[in-house]
Amino acid sequence: MWIILGLIAIAATVLNLFLYFSGKDHKLAMALGLSFTALTMYAEYSLVSQWVKAEDWSALEDVVPTMERALWVLVIVSILLNTAPMLIGRKKQKHVKKIDKE
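Right, let's walk through the structure included here. Every value quoted in this text rests on a predicted model; they were computed, and no experiment measured them.

Criteria and thresholds
Residues numbered from 1 in each chain as written. Predicted model: local features only at pLDDT ≥ 70, side-chain atom pairs only at ≥ 80, totals over all residues. Heavy atoms only, no water. Helix = DSSP H or I, 4+ residues; strand = E, 2+ residues; numbered from the N terminus. Buried < 20%, exposed > 50% of the residue type's maximum accessible area, 1.4 Å probe, protein only. Contact = heavy atoms within 4.5 Å. Areas by Shrake-Rupley, 256 points an atom, 1.4 Å probe, with all protein chains shown as cover. Axes fitted to C-alpha atoms, helices over the stretch in contact; angles between N-to-C directions. Parallel < 35°, antiparallel > 145°, perpendicular 65-115°, else oblique. Left-handed = near helix turned anticlockwise from the far one by under 90°. Nonpolar A, V, L, I, M, F, W, Y, C, P; charged D, E, K, R; others polar.

## Some words on the overall build of the protein
Across its full length, the protein carries three helices and zero strands. The helix and strand sequence of the protein, counted from the amino end, reads α-α-α. Counting every position in the protein, which comprises 102 residues, the buried fraction comes to 25%. Sequence separation of 24 or more characterises 69% of the internal contacts of the protein that already satisfy a separation of 6 or more. Surface exposure of the protein reaches about 7700 Å², of which carbon and sulfur atoms provide 70%.

Pasting the structure below:
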């Protein structure tokens, strides 16, 4: 399940960036990208919880250390990519206001 949610999060992030650069409203895509990133994290946590309940220690030892780093990186990248259009838009607005004042 986490793979499907992760792919949807990636698609929503790509859509967010595409909509922004094409000049269309991108806020819904941004919210979807961040929401599906959160759902992906929850699905991964649920998987780990199932392994703990089943006492599948070998799965935990093999997967969790690697997935921890990967999930940190992916969540940070998701946050940066999904909020970049908003931050770029603010910077452009400040630049335009500064030009208007001159």
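## A look at the packing of helix 1 (residues 2-21) against helix 2 (residues 27-53)
Helix 2 packs onto helix 1 with a crossing angle of 165° between their chain directions and a minimal axis gap of 8 Å. Here helix 1 is positioned roughly antiparallel relative to helix 2, judged by the angle of their axes. Where helix 1 crosses over helix 2, the handedness of that crossing is left-handed. Listed contacts from helix 2 to Trp2, Leu5, Gly6, Ile8, Ala9, Ala12, Thr13, Leu15, Asn16 and Leu19 of helix 1 are Ala29, Met30, Leu32, Gly33, Phe36, Thr37, Leu39, Thr40, Ala43, Glu44 and Leu47. The residue makeup of the contact of helix 1 with helix 2, split by class, is 14 nonpolar, six polar and one charged.

## Some details on the environment of Leu32
With respect to the helices and strands, Leu32 occurs in helix 2. The exposure class assigned to Leu32 is partly exposed, which follows from its relative accessible area of 36%. Considered as a pair, Leu32 and Leu15 are 17 residues apart in the sequence and their alpha carbons are 9.7 Å apart.

In short, geometric facts, not functional conclusions.
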